[in-house]
Every structure is written in C-alpha cells, then in structure tokens.
Number of protein chains: 2
Amino acid sequence: MRRRRKTEARKRTKPPGIREIAQTLGISIGTVDRALHDRPGINQTTRAKVLELAERVGYRPNLAARFLSSRKQWRVGVNLPKEIASFFDLVRDGIQDVARSFESNGVRVVHRSYPRLGEGEIEALEAALDDNIDGLVIAPGRPESLAPLMRRAVGRGIPVVCVNTDAPGIEHLATVSVDSATSGSLVGELMGRFLGGEGRVVVVTGQLSTVDHLQKLDGFRKEIAERWPSLGIAAVVEAHDDENEAYEKCRQVLATTPDLAGVYVSTANSIPVMRALDDQGLGGSVTIITTDLFPALAPLIESGRISATIYQRPWVQGQIAFQAIYKFLVEGVTPPAVNRLSPHVVMRSNLKLFLERMRSDTTEVDGGGARRSEAGTARHGSIATFADEIR
Amino acid sequence: MRRRRKTEARKRTKPPGIREIAQTLGISIGTVDRALHDRPGINQTTRAKVLELAERVGYRPNLAARFLSSRKQWRVGVNLPKEIASFFDLVRDGIQDVARSFESNGVRVVHRSYPRLGEGEIEALEAALDDNIDGLVIAPGRPESLAPLMRRAVGRGIPVVCVNTDAPGIEHLATVSVDSATSGSLVGELMGRFLGGEGRVVVVTGQLSTVDHLQKLDGFRKEIAERWPSLGIAAVVEAHDDENEAYEKCRQVLATTPDLAGVYVSTANSIPVMRALDDQGLGGSVTIITTDLFPALAPLIESGRISATIYQRPWVQGQIAFQAIYKFLVEGVTPPAVNRLSPHVVMRSNLKLFLERMRSDTTEVDGGGARRSEAGTARHGSIATFADEIR
DNA sequence: TTGAAAGCGATACCAC
DNA sequence: GTGGTATCGCTTTCAA
C-alpha cells in the first residue's frame, strides 16, 4: 500500500514537449519549433494555434535538450579594470564562479582587462564589440565617453550590465551596485552615533563628477543635516583616487581643523589619509570610517584606528551581474533594471569573517579535495568549485 | 585576416567525450561508461585504462546530455518550521528561487513544514526518510532528539544541510548559518560605541541550551569584557521565545534596573521587550539592538527607538544550502562543512533597502513582466524568476 | 565482460 | 509552408 503510494508519487506525468504539441495538432515538430521561435516560413494561423496550445498546456522547453542540440555558444564579455584589484578581482571571481556552473549550458566568459577605471575602457569595449560578444559586463568609469559604444552594443541587442557604478542616460539591461546614497547615509548614522552627535567631520572622496561619489556625499550630508544637527562637515576633499593628492590635501585640511572629530573616506583611497592623520598627530583621537576592504586595512580595523569600513560586496556584484545576463540570454527573463545591494558594515568584531574568506580566495582550487558523491564525477577533475567567497 | 581570427576563436576543439575515449582505446562507449561510474561487470584493467585516459584528456561529462538521457530525478527535501515565518519563509524562497533554475536538471524540491522549531520536526523527518528523499535541508530545533534520524539519513548517504542552527556532534554534509559568536560580539561593539562605553545592559535571549543563543551571549560577553570594561551586563533574560515570558521577565528586570542604558534582544522576540520598556517608561532613553527583521520592527527602527537590528539573511541561507546539496548531488562537489554568513547591520539609514525587497517578496511573480529575449522563450510561461530578494 | 543500439527533447537542415 | 530526420553526448538495456 505504502509502496504503491510511493510509486505513484514518482510517476508524475511527463511535462509536455514540442512532440506532444505537434501530435495533438497533427503537425510536425519542425513547425512547432518554427512557431515557438518566431522563425520565418510559417503560416500565421498555424503559428497562432501552436502558441495557444503551448500556452494552454504550460509548455516549457527542456533546457538540457536545448543546450545539447544547439551548437550555439553564448559568450559573455567581462570588461573590468585591473585596479583596484582588491575590488575588481573579486567581481571577476564572482562572475567566474557562477559561470562555471553553466559551462555545460554553452555559456562562456571572455575577460578583457584594462589598467584602471576610465583608462583603456573604450579600447576594451571596442575589442569586445569586434569580437561579437553576446552579453557584456562593464564598470563604466567615464559613462559619457563610453556612451556611443554602449549604445552600439545595446542597439545590437546585446544585454549590458553595469557593475559598481551606473551609466545614467544610457539604456542597458541592468545595473548592479551598492546603493551609494544609502552607503553615505549609513556612514552618517554611524558617525553620528559613534560621536554622540557632536563634532566636525572631514569627507574624503574621489571626484564629485562621478555619480557614485556624489551620491555617497549627498547621502552623508542628508543624514547629518536631518538627524545630527550638531555634527558639521569641516571639509570635503576631492582626491581623485590619487594617493599623493589625498595625502597632501588632507594634511592641509587637517592642519586647519584642529578640533577634528571624524573622517569619512568614501573611496578605497584611505591609506594616504591615515598617513596624513598620523603625521598630523591625530592618530588615536579621530573616529574614522572608510570604504572597501583590502589587506592593508585589516590591521587598522583590528587595532581600532578605523572604526568601521563599508564593504561593497564585489563578489556578489559579479554574481548578480552574470546571473542577470545568463537568465536573459538563456531563459529569456529580464532582470530588474536596478539592483541595489545593501552595503555591509565591517568592524573589528566581524572583520575576521571577511578575512577568512579573503584568504580562501587566494587558495588553490582543489584544496577542499572533493569527495566522491554518488554522481561519481568529481574524480575527473573538479567540475565546479563551491563558491566560498565573501557574500 | 580579422575574419579568420574570429572564426578560429569560435572553433576551439570540442571537449572530449566518452565517444572519443572509447575510440582511442578501441572499446565501446558502454564500457567507458561502466568504468567512469564504477558500474559492475567490467575488467579492472580496462577500467584503469579508461580512468587514466579520462584523467589525462581532462574528461568532463556534459551535464546537459546527462540530464537529458538520465531518467533520474533528484528530490531534495526541505524540512522547515512555519514559525517564525518572517525568517523561514525567506529561507524557503531562497531555496525555491535557485531550485527553479535547476528544474531542467532533474532536481525537485519537496517541502515539509511543521509548526515551529522543535515541534513536529521528528515526524517531518521521518516522513522525508520514508519518502526516500535524495537530499535534505533542515533546521534542527532539538538536535539531540533528532540525532537518530539524522544519522539514519547520513548513513544512507543522503546529503544533509542544516540551516540557521547547527547539529553539533552529528555528522552531516554542511551547515549554513550566521556566525552567532560574531553576531553577539558585533552587537557588543555597536553597543559599546553607541553608549560611549558606559552603562549597564540587559540581554534578552531564548534559551541558553540552544547553541546558537549561547554563542551570541558569549560573543557579546567576550566583546564587552575585552573591549568595554565600563560596560556591564545587568541581567540575562531567558524568554524561551515566548511573548508573555519575555514581557513579564523584562518588566521585573527593568523595575530593578533604573539606570539601564541598553538592551540586546538576541532572538526575534523583541516586540514584547519593547512593550515592557514602554510600560516601564524607558521608551526613549535606552539604546536597543535587536535581531532579525520583520514588518513590525520597521517603524521602531524608522523612529529610532531601535538603534539597529542584526539581519540573519534567511534568503541567502536557503540559497547556499540548496546549492550545497545540488552541487554535491549533481556535480560531485563537497561544499565546506561550515558556511558562516556575516550578519548584516540594519539601521534606520539602510532599512529602506531591506523593506523594498521585502515588499517585492510578496509581489506576484510576473510583476516584472519579462520582456522577450532573443532566446524567445519567456512568453511560454516564465521559465525562472529573477531572484530579487534580500541578500 | 563487452558491444550495439535505442532513447532523452530539443535544434537545424534538407526535401517536398 | 511544412514534414522528416540526423544530431547533440550521455544513460540504459539487451545481446552476445
């Protein structure tokens, strides 16, 4: 009796395929295929009939069969800068790790790297377009100058996903990034609470012409203005992500701000700022909140010199960006146009979780030594690694 | 010239399959298959030869072909409590969303729900085992009483993944949860900074016999002891996740702690605590940090009455748990035994990001209105939704 | 112990 | 416009 129940549960009716549709309509599978894919050479009436039936029986294509029979290879271009490596290497890893799972599905990743944000990105994008890529992940450093090429890509029907920073005014499939405004206001709130709502703060940013940087500043300003009236912004330093510029400008500002209570560094350029603080003798007394996480930052958080840093989750950004393109290409699903990740707050107490994962990041792939599962395939070279990065 | 380059790039040599292996060895693909899968009825010498060659040419099975030809259905059991819904519903969603992507790959999810943690979980697990599940996701409320059944499952070779809380002493494939100790010490650090390192704090927990709860308390204690010597713990209240108990016990404690500076609620049971604080007239003056996020908490964070809450990322927990089982079953990859997520800090400034996604969570699936992609399949019923939940 | 062949459910091409 | 069929790379079964 129980036995029978079990058997029944297993033997659910097979989902309808094009063969079933063809049969009930008394036509051939070739025609069904033409109808389902808007292929030329089919009578509109037949087409309509097929689509109606497909809809009615809830036809869903068997993707495994599709991948197997189709010779089509989707090639996804990943155009990202080399610097800042602590960030973009992890974006690449996130993409690579999820892409591996889909290799059998005919999707491959083609990387193109260039020196830094905005430096070489045009050439890289040109190369990708020349290469007839089917999908694209980019981090537009200078969206304005990239616009013509991006429009060309979009015009060709290529799904383009921006990571880390948006390309305002240029239509594209989706953007994945941390919510910059929230990032800024989050720091505002932390700063407000850490300082008991009193004191003057310096903000160090990159360049306010970059949307991302401006939004962080605005978010910070807004939070301060609305919630922490006794907190003031002593200065906003644009350091253009340059170490020397950051150091020099900060020294000047610090010299004229003896009562400094806090510093917010809204880009990854925090090391020179720390040096300037030290050289100014403000080492221990100032509450510092930074952005991003890289090895050199760890000891400073560990020692308490930096109170918190805002982690922008590069691995997850890559993961989501790739999935968006994959699902669009393969499954025909359009992702949300905007994917705003919530930034992580990293402080001394949770730092070690992030570091552990950063380490595993540089570890050899087969370190885990996959045991054999029943599937019995692991021994033939690891088929996929388990994503063990920071999420 | 350029043209030739492109063509070449496209025409990379086809990866070797069992057919190639069979050919070079002068045997049949049937034999190769037997060798690769440890199937009976094969000469050990042949077997060795096949394996050696497979290794040497870097053979990797084409999963699409495998899924297509194999009639095997993997059924993954998901045994989770109904309560607390704000948490476990999202775990289920995380599982469901990634599972959908793998439906064509012969993996299906079988849900079994029971009233609450530890209440009905034995029966549910028994049912799952009777049902001959191939993989299992559970949240062991009472690991000790679940132990025999879990061992039975593991003994049968079923990959078991625990979410939210561990099952210490019981061997299983993996555990996915927030790092409780870090969760506690993170709150300790926040509390220390928010209070300027001064004052007495009450901790409200569930039951210290639960590993998870104890670890949070320990993490909190450790952080306070090591870093915030002027911060004291006035009392630890065990409320057993019961509203009345929380309310009554808190009223008592609060009455005898007039100088209270902060409250840390380390489970989702924060509402009655808030009520007790109000009734005691301590509404505005106390710094409160809670755990988890659910609709009723939002206005309290918004208004600033709760300074921060620790979000345990249920959706991501589900996602990782399912992926661990999937990769083990299908790809033969063993995941890390322990997956400790970093808890998120949610405060007023980043709350809206979480709420936006909570809303989309209750939205109809086709709300986004998938546009057609070139793949041309979206119209036939959405093949997969884009995961839009909180990560 | 091994070989041969029939699927799996699509795509793609050729013939009518 | 439409039908038929080879094919993708593997699993599974039946014969030898």
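Computed from a prediction, not measured in an experiment: that's the story for all the values here. (Residues numbered from 1 in each chain as written. Chains lettered and ligands numbered in written order. Predicted model: local features only at pLDDT ≥ 70, side-chain atom pairs only at ≥ 80, totals over all residues. Heavy atoms only, no water.)

Here we look at the protein's contact with DNA strand D
Here is the rule we go by: A cutoff of 4 Å decides nearness: a residue is near a molecule or strand if any of its heavy atoms lies inside that distance of it. Side-chain atoms alone can form a polar contact between residues adjacent in sequence; in general such a contact is a pair of N or O atoms within 3.5 Å, and within protein one must be able to donate a hydrogen while the other accepts it. Where helices and strands are cited, they refer to DSSP runs of H or I of at least four residues and of E of at least two residues respectively, numbered from the N terminus.
In the vicinity of DNA strand D lie 27 residues, with A:Thr31, A:Asn43, B:Ile18, B:Asp33 and B:Ser69 positioned nearest. Considering the 4 Å shell around the protein, atoms of DNA strand D inside it are sugar or phosphate in 65% of instances. Between A:Arg34 and DNA strand D, the recorded distance is 2.9 Å, taken from a side-chain N or O atom to a base nitrogen. Within the backbone of B:Asn62, an N or O atom sits 3.4 Å from a phosphate oxygen of DNA strand D. Secondary-structure elements contributing two or more residues to the surface near DNA strand D are helix 3 (29-36) and helix 5 (63-69) of chain A together with helix 3 (29-36) and helix 5 (63-69) of chain B.

Examining the packing of helix 2 (residues 18-25) of chain B against helix 4 (residues 44-57) of chain B
Residue and element names in this part refer to chain B. Our working rule: Every angle, taken between N-to-C directions, lies between 0 and 180 degrees, and every axis is a line fitted to C-alpha atoms, over only the stretch in contact when it is a helix. Here roughly perpendicular refers to angles of 65 to 115 degrees, roughly parallel to angles under 35, roughly antiparallel to angles over 145, and oblique to all remaining angles. Each helix crossing is assigned a hand: it is left-handed if the near helix lies turned anticlockwise from the far helix by less than a right angle, otherwise right-handed if that turn is clockwise. The contact criterion used throughout is that any non-hydrogen atoms of two residues lie within 4.5 Å.
At their nearest, the axes of helix 2 and helix 4 sit 10 Å apart, and the two run at 120° to each other. It follows from the interaxial angle that helix 2 and helix 4 lie oblique. Crossing hand, helix 2 versus helix 4: right-handed. Between helix 2 and helix 4, the residues in contact are Ile21, Thr24 and Leu25 and Lys49, Val50, Leu53 and Ala54, respectively.

Quick word on the side chain of B:Asn164
Residue and element names in this part refer to chain B. Where we set the bar: Note on exposure labels: buried denotes an accessible area under 20% of the residue type's maximum, exposed denotes more than 50%, and partly exposed covers the range between, all computed with a 1.4 Å probe on protein chains only.
With respect to the secondary-structure elements, Asn164 resides in the loop between strand 4 (160-163) and strand 5 (174-178). On the basis of relative accessible area, Asn164 is assigned to the buried category, the value being 13%. With sequence-adjacent residues up to four places away left out, Asn164 is seen in contact with Phe87, Phe88, Val176, Ser177, Asp212 and Gln317.

Brief notes about the confidence of the model for chain A
Residues and elements named next belong to chain A. Rules: Within a predicted model, pLDDT stands for the predictor's per-residue confidence, ranging from 0 to 100.
Of all residues in chain A, 88% attain a pLDDT of 70 or more, and the chain-wide mean is 87. Contacts of residues 1-11 to residues separated by more than four positions or lying in other chains number six contacts, the stretch itself having pLDDT below 50. Here residues 360-390 is modelled with pLDDT under 50, and outside its nearest four sequence neighbours on either side it reaches 78 contacts, counting other chains as well.

Observations concerning the sheet that holds strand 1 (residues 74-83) of chain A
Residues and elements named next belong to chain A. Rules: Here a strand pair is declared whenever DSSP counts at least two bridges between the two strands.
Read across the open sheet, the six strands follow the order 2-1-3-4-5-11; overall the sheet is parallel. The open sheet is flanked by strand 2 (107-116) and strand 11 (338-341), the only strands paired with a single partner. The sheet shows a mean angle of 15° between the axes of neighbouring strands, direction not considered. Bridge count for strand 1 against strand 3 (residues 135-138) is four bridges, and the pairing is parallel. Within the sheet, the bridge partner assigned to Asn79 lies in strand 3 and is Ile138. Across the sheet, helix 6 (residues 85-100) lies against strand 1, strand 2, strand 3 and strand 4 (160-163), angled at about 165° from strand 1, the strand it touches most.

Details of unusual backbone geometry
For the bond from A:Glu83 to A:Ile84, the omega torsion is 5°, close enough to zero to count as cis. Looking at where A:Ile84 falls in the secondary structure, it is placed in the loop between strand 1 and helix 6. At B:Asp38, a residue that is not glycine, the phi angle is positive and equals roughly 60°. Tracing the backbone shows B:Asp38 in the loop between helix 3 and helix 4.

Considering the protein's contact with DNA strand C
Test applied: Amino acids are sorted into nonpolar (Ala, Val, Leu, Ile, Met, Phe, Trp, Tyr, Cys and Pro), charged (Asp, Glu, Lys and Arg) and polar (every other residue, Gly among them).
The full set close to DNA strand C counts 23 residues, and A:Asp33, A:Ser69, B:Thr31, B:Arg34 and B:Asn43 are the nearest of them. Protein-proximal atoms of DNA strand C, defined as those within 4 Å of the protein, fall in sugar or phosphate at a share of 68%. Here B:Arg34 contributes a side-chain N or O atom positioned 2.8 Å from a base nitrogen of DNA strand C. B:Leu68 is positioned with one of its backbone polar atoms (N or O) 3.4 Å from a base oxygen of DNA strand C. Counting only elements with at least two residues in the surface near DNA strand C, the list comes to helix 3 and helix 5 of chain A together with helix 3 and helix 5 of chain B. Broken down by element, the residue count for the surface near DNA strand C peaks at three residues, all from helix 5 of chain A. Of the residues belonging to the surface near DNA strand C, the class tally is seven nonpolar, eleven polar and five charged.

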